[in-house]
Structure formats: structure tokens, C-alpha cells
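# Secondary and tertiary structure notes
Each chain, written out:
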Amino acid sequence: MQNDLLESKSNKSKFLQLLVVSSLIFGMFFGSGNLIFPVHLGQMAGNNWFAAAIGFAISGSLFPLLAILAVVVTKSDGLYDLARPVGKRYAALFLVLVHLTIGPFFGTPRTAATAFEMAAKPFLPAQYNQVSMLIFTAVFFSLAYVLSVHQNRLVKYVGKYLNTIFLALLAVIFVVAFVNPMGGLNHMPTTAYQTTATVSGLLEGYNTVDAVALLALSVTFVRAVKGLGYKNKELSTVTAKAGTMAISLEVLVYLGLVLLGAFSLNKMKLSANGGDALSSIVGDYFGNFGAALLGVLVTLGVFTTALGLVASFAQDFHKLFPKVSYLGWLRVTCFVSFVVANAGLDTIISWSLPVLMLLYPLSLALILTSLTVHTKSYKGVVYKMTIAFTVLPAVLDMFNAAPAVLQTGFVKTVLNVYHQYLPFASMGLGWVTPTLLGFVLGMVLGKMGVFVSNNEEVTQKY
């Protein structure tokens with residue numbers, strides 16, 4: 001009887017730990033983009049909201065889940081380990097590019113800039129915007145630094161507290177909105193969502209770039225689970241379960257947000273973006289208090305993401321460049337993020353998109369190979385061929401999304417040919433066909449024993 005009671009308590013404790021870890025994962029990757037993109041999607045999709053939401057969930061949730069599983073099945077201790085079968089130099093370069101992009105150069109500064117735009121700027125005199133931004137971002141990244149100093153405490157800060165508050169506030173908005181909806185779901189969708197709602201939703205979800213982020217944040221997740229005492233196979237199982245729970249919750253949140261946007265068409269016109277749409281919706285239900293509520297909600301969402309980004313940056317860079325301590329890299333990323341954040345949200349977004357268009361195909365190609373051939377003796381050639389075939393279309397997608405100043409006459413000519421002759425290129429998915437061709441060619445060469453070397457084998461352990 002006593003043993004049964006102890007076992008019951010142990011199982012309950014493990015389940016609670018699983019919930020906390022899943023909350024940590026959700027909190028770290030669910031930021032402002034995840035909050036506002038689905039709302040705008042719902043407005044554009046109208047009565048085709050469900051089909052569009054399914055497409056959005058595929059790219060915005062399924063791909064990130066596959067990223068988590070790729071880390072789990074390969075037993076990687078970070079992004080470098082995951083990409084190492086392609087080659088040590090590529091793994092190091094890929095790690096640096098990903099972390100600089102979603103870290104101090106673009107992603108992390110954007111969290112603070114977004115929080116300022118949504119939570120502080122509406123309440124401050126316009127003439128003090130620059131000074132206010134400076135003070136706000138200084139406080140934002142100082143807090144991020146203090147809370148990230150002790151890596152093992154992130155589970156408590158994010159999983160137990162910050163993300164729980166975020167989800168509670170979001171639940172309040174959902175309850176109020178769905179108990180008293182703005183109207184029916186009979187509005188015509190915009191042109192792109194009339195016949196290809198699912199595909200359009202998938203492409204919109206592509207903009208969340210969560211698959212890239214979760215590859216980089218994986219090191220933080222793994223170490224958080226290790227800090228709870230899990231090891232080896234149990235470590236992989238808990239991480240996979242927590243990741244699946246986090247992504248499942250995200251799908252439900254996405255459905256709610258898309259539906260919220262679709263309902264809003266009964267009272268308001270199509271907004272310019274999801275931020276404006278969500279602000280209008282919350283303002284309609286909560287009045288003046290709504291602006292403050294939304295500000296707190298967005299700030300919590302982006303702050304938990306910032307904690308994950310600065311911690312994973314410091315962890316991975318310390319592993320790659322061990323002469324600088326974790327705290328040293330943490331100071332670097334927090335300070336550089338503070339400086340870049342003050343360039344303004346529009347500037348950050350305009351320069352980050354091209355780099356993300358480069359990294360997303362490379363990340364998905366890495367996920368594909370990690371999930372399929374990581375145990376094969378010939379995995380090296382498959383990894384190399386897949387990435388090699390992905391690089392060129394990824395670079396072209398980068399130039400296509402670049403600011404006009406970088407699009408010279410030659411570049412435009414090349415892009416026209418690329419969009420005309422390669423399937424899906426005009427939609428920003430030109431990498432799909434070459435990546436699959438590279439993967440198949442790598443499999444054929446690998447099974448034939450071509451280019452296979454024992455030196456490509458990498459033993460990866462936690």
C-alpha cells in the first residue's frame with residue numbers, strides 16, 4: 001500500500017515536471033509573431049478560416065515539432081552536434097549564422113523592440129520615444145541577463161511563472177471573445193484564400209521561422225531537462241513528450257487566434273497587419289484597459305522568448321568557443337541586442353527577413369536528414385548532398401527578400417529565371433524540389449558506397 005502511494009506520488013511529480021518543461025518550451029518559442037500572424041490570417045481567410053489554420057499549423061507547428069524530434073533522435077547537445085555530419089566547418093558556420101540571426105543581430109533585439117511598440121509607446125509622449133526606447137530596452141535586457149545567469153533556473157522562471165501568466169491572460173481574452181463573439185463566419189476571404197486557403201496558410205506560417213528557432217533553442221531545452229535529473233533514454237523521452245505537448249497547445253492557440261480574426265470582420269475592416277488587428281479586437285472587448293492588457297501579454301510573450309534566445313546563444317557559443325565563459329557570451333548577446341534594438345522595429349524586420357529566408361530551407365533540410373538517416377553508415381553523403389542542393393535556392397530566396405538596394409540588374413535577371421523555371425520558386429519555396437533531389441541522390445550514392453568514409457561517423461552523446 002505504501003509502495004503504491006509512493007509510486008503514485010512519483011508519477012504525479014514526473015507529470016508535473018513534464019508540464020513545466022512543456023511550458024518552458026512553449027514560452028521560449030511562442031513570441032509576438034506567433035500571437036499576431038494568426039489573427040491577420042483569420043481576417044484574410046474569412047469563412048475559409050479553418051482550412052487556412054490547418055496550413056498555418058503545418059508550417060508553424062509541425063515543422064517546429066520535427067525540429068525538436070530531430071534533436072531528440074540524434075541525441076544532439078545543440079545545433080553544432082546536429083549539423084556536424086555535414087562537416088565541422090559547415091556546422092560551425094551554420095551555428096554562428098543561426099544564432100547571430102535569431103540572436104543579437106535580429107531576433108533578440110526584435111523581442112524588446114516589439115514589447116516597446118506594444119506596451120510602452122502607446123502611453124508615452126511622441127517626443128520622448130527615443131529616450132524611452134533606450135531606457136526600456138536597457139531594463140529589458142538587464143532583466144534578461146539577470147534571469148539567465150543561472151541556466152537551471154530557466155525552467156522555474158519561464159515554465160512555472162512567466163509562461164503560466166501569459167497563458168492565463170490569453171485565456172481571459174479567448175473566454176471573453178468566444179462567449180460574446182463579434183458575429184458569424186460568413187465573410188468572403190481575400191483572393192489568395194478563396195481557392196488555396198490551406199497553401200496560403202502554410203506559406204503564412206512559414207514566416208514564423210520557428211523551425212530555425214527551435215533548432216537553436218534545443219540546447220536550452222536539453223539542459224533544462226538534464227537539470228531535472230533525467231539522463232540518456234529517459235532524457236530523450238521526456239524532451240520528446242514535452243515538445244509534443246507544447247506544440248499541441250500551440251495548435252489550439254493558433255486555432256483560437258485565427259477564429260478571433262475571422263470573427264472580427266463583422267465589426268472592423270481588414271487590418272494592415274496582425275498587431276493592428278489584435279489591438280482593435282482587444283480594445284473592442286476591454287476598452288482602454290485593453291491596451292494595457294495587450295501590452296502585458298505581448299511583453300510576457302516576447303520576454304520568455306528573449307530568455308531562451310540569450311541563454312541558447314551563450315550556451316552554444318561557449319561550446320564552440322570555450323575560452324569565453326557562458327557568462328561572457330551572455331553579456332555579449334545582451335549588450336549587442338540592446339544596441340541593435342534601438343535601431344527600431346521596422347529596420348530590424350527589413351534586414352532580418354532575407355537572412356531568415358536563407359536559413360529556413362537549410363534548417364528544414366537538416367531536419368529531414370536528421371530524422372531519416374542519422375543512424376546510417378552512409379549518412380555523411382546524404383547530409384552533404386541534401387545541403388549542397390539546398391544552398392543555391394536558399395541564397396536566391398534570400399536575395400529575393402532583400403531590400404531593393406541589394407537587388408541589382410543581374411540579381412533581378414537571375415531571380416526572374418529562377419521563378420520562371422523552378423517549381424514553387426515564385427512562392428518562396430523554390431528549395432523544395434532541389435532539396436528532395438539532393439536527398440534522393442545522396443541516398444542512392446550512399447547505398448552504392450560512393451563517397452562514404454568512416455571519418456564521417458559522429459558519435460553524439462548528451
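Since the structure is predicted, the reported quantities are computational estimates derived from the model, not experimental observations.

### Brief notes about the overall build of the protein chain
Broken down by element type, the protein chain carries 19 helices and zero strands. Taken against the 2.2 N^0.38 rule, which gives 23 Å for 462 residues, the C-alpha radius of gyration of the protein chain at 22 Å falls within 12% of a compact globule. Judged by the C-alpha coordinates and their principal axes, the protein chain covers about 70 × 65 × 50 Å. Looking at the protein chain as a whole, 53% of its 462 residues are labelled buried. Partitioning the contacts of the protein chain with sequence separation of at least 6, the portion at a separation of at least 24 is 82%.

### Details of the side chain of serine 264
Inspection of the secondary structure puts serine 264 in helix H12 (residues 232-264). Among the polar contacts made by the side chain of serine 264, one reaches the side chain of glutamine 43 at a distance of 3.0 Å. Dropping the residues within four chain positions of it, serine 264 is found in contact with Gln43, Met182 and Ile281.

### Remarks on unusual backbone geometry
With glycine set apart, most residues show a phi of negative sign, and most peptide bonds adopt trans. Non-glycine residue lysine 75 carries a positive phi angle of around 55°. By the element assignment, lysine 75 lies in the loop between helix H3 (49-73) and helix H4 (79-83).

### Here we look at the packing of aromatic side chains
Summed over the entire model, instances satisfying the criterion amount to 19 aromatic pairs. Ring centres of phenylalanine 26 and phenylalanine 30 lie 4.8 Å apart, and the angle between their planes is 10°; this geometry places the pair in the stacked category.

### A few points about the environment of asparagine 400
Among the secondary structure elements, asparagine 400 is positioned in helix H17 (residues 379-401). Residue asparagine 400 is classed as partly exposed on the basis of its relative accessible area, which comes to 37%. As a C-alpha pair, asparagine 400 and leucine 437 span 37 residues in sequence and 22 Å in three-dimensional space. Aside from chain neighbours lying at most four places away, what touches asparagine 400 is Gln407, Leu415 and His419.

### So, the pattern of salt bridges
For the structure shown, the criterion picks out four salt bridges. Between aspartate 77 and lysine 319 there is a salt bridge, with the nearest N and O atoms lying 3.9 Å from each other. One end of the pair, aspartate 77, is in the loop between H3 and H4; the other, lysine 319, is in helix H14 (residues 288-320), and 242 residues separate them in sequence. The exposure class of aspartate 77 is buried, given its relative accessible area of 11%. Judged by its relative accessible area of 33%, lysine 319 falls in the partly exposed class. The shortest N-O distance in the salt bridge between aspartate 284 and lysine 267 comes to 3.4 Å. With aspartate 284 in helix H13 (residues 274-286) and lysine 267 in the loop between H12 and H13, this pair connects stretches of sequence that are 17 residues apart.

### Thoughts on the domain arrangement of the protein chain
Accessible area lost when the parts come together is the quantity often used to give the size of an interface. Entries for the protein chain in the domain assignment read domain 1 (17-342) and domain 2 (345-453). Computed from C-alpha atoms alone, the centre-to-centre distance between domain 1 and domain 2 is 24 Å. On the side of domain 2, 28 residues touch domain 1, which itself brings 34 residues to the contact. Both sides together, the interface formed by domain 1 and domain 2 hides about 2,800 Å², and carbon and sulfur atoms give 81% of it. Taken together, the links from domain 1 to domain 2 amount to zero salt bridges. Where domain 1 touches domain 2, the interface holds three residue pairs in polar contact (both at pLDDT 80 or more). Here the side of domain 1 that touches domain 2 gets seven residues from one element, more than from any other, and that element is H3. Within the side of domain 1 that touches domain 2, the residues separate by chemical class into 26 nonpolar, five polar and three charged.

### Some details on the nonpolar core
Grouped together as the largest cluster of nonpolar side chains are 137 residues, with contacts concentrated most on Ile25, Leu35 and Phe94. When residues in this core are grouped by element, the largest group, 15 residues, is from H14. Each of domain 1 (17-342) and domain 2 (345-453) gives at least three residues to this core. For isoleucine 25, the contacting residues outside a window of four places in its chain are Ile68, Leu214, Phe221, Thr239, Ala242, Gly243 and Ala246.

### Quick word on the layout of surface pockets
Approximately 330 Å³ is the volume found for the second largest pocket. Residue lining of the second largest pocket: 14 residues in total, with Phe63, Leu66, Leu364, Trp431 and Val432 positioned closest to the centre. For the lining of the second largest pocket, the secondary structure elements donating two or more residues are H3, helix H10 (197-206), helix H16 (345-373) and helix H19 (432-448). With four residues, the top contributor of residues to the lining of the second largest pocket is H16. Looking at the lining of the second largest pocket residue by residue, the classes come out as 13 nonpolar, one polar and no charged. Of the residues that make up the lining of the second largest pocket, three or more belong to each of domain 1 (17-342) and domain 2 (345-453).

### Structural notes on the side chain of serine 312
Examined against the element boundaries, serine 312 turns out to sit in helix H14. Separated by 3.2 Å, the side chain of serine 312 and the backbone oxygen of leucine 309 make a polar contact.

### Considerations on helix H15 (residues 326-341)
Under the 1.5 Å per step criterion, the end-to-end length of H15 is 22 Å for 16 residues, consistent within 8% with the ideal 22 Å. Buried residues of H15: Tyr326, Gly328, Trp329, Leu330, Thr333, Cys334, Ser337, Phe338 and Ala341, and no others.

### Observations regarding the environment of serine 426
Mapped onto the fold, serine 426 is located in the loop between helix H18 (409-421) and H19. It is 17 Å that separates the C-alpha atoms of serine 426 and valine 391, two residues lying 35 residues apart in sequence.

### Overview of a nonpolar patch on the surface
Among the surface-exposed residues, Val131, Leu134, Ile135, Val139 and Leu143 lie close enough to one another that they form a single nonpolar patch of about 450 Å² accessible area. Relative to the elements of secondary structure, valine 131 occurs in helix H7 (residues 129-148).

### A closer look at the packing of helix H6 (residues 107-120) against H7
Look at H6 against H7: their axes get within 10 Å of each other, and the N-to-C directions meet at 125°. Looking at the two axes, H6 sits oblique to H7. The two elements H6 and H7 meet at a crossing, and its hand is right-handed. Where H6 abuts H7, its residues Thr108, Pro109, Thr111, Ala112, Ala113, Ala115, Phe116 and Ala120 lie against Asn129, Ser132, Met133, Phe136, Thr137, Phe140 and Phe141.

The rules we used
Residues numbered from 1 in each chain as written. Predicted model: local features only at pLDDT ≥ 70, side-chain atom pairs only at ≥ 80, totals over all residues. Heavy atoms only, no water. Helix = DSSP H or I, 4+ residues; strand = E, 2+ residues; numbered from the N terminus. Rg over C-alpha atoms; globule rule 2.2 N^0.38 Å. Buried < 20%, exposed > 50% of the residue type's maximum accessible area, 1.4 Å probe, protein only. Contact = heavy atoms within 4.5 Å. Polar contact = N/O pair within 3.5 Å; in protein donor to acceptor, adjacent residues only side chain to side chain. Phe/Tyr/Trp six-rings, centres within 6.5 Å; stacked < 30°, edge-to-face > 60°. Salt bridge = Lys/Arg side-chain N within 4 Å of Asp/Glu carboxyl O. Domains from an automatic or database assignment. Buried area = accessible area lost by both parts, 1.4 Å probe. Nonpolar A, V, L, I, M, F, W, Y, C, P; charged D, E, K, R; others polar. Core = buried A, V, L, I, M, F, W, Y, C linked by side-chain atoms within 4.5 Å. 1 Å grid on protein atoms, 1.4 Å probe; cavity = no way out; pocket = protein on both sides within 12 Å on 5 of 7 lines; lining within 4 Å. Points joined across faces, edges and corners; volume = space filled by probe spheres on them. Expected span 1.5 Å × (residues − 1). Patch = residues over 30% accessible without salt bridge, like charges linked within 9 Å, V, L, I, M, F, W, Y side chains within 5 Å. Areas by Shrake-Rupley, 256 points an atom, 1.4 Å probe, with all protein chains shown as cover. Axes fitted to C-alpha atoms, helices over the stretch in contact; angles between N-to-C directions. Parallel < 35°, antiparallel > 145°, perpendicular 65-115°, else oblique. Left-handed = near helix turned anticlockwise from the far one by under 90°.

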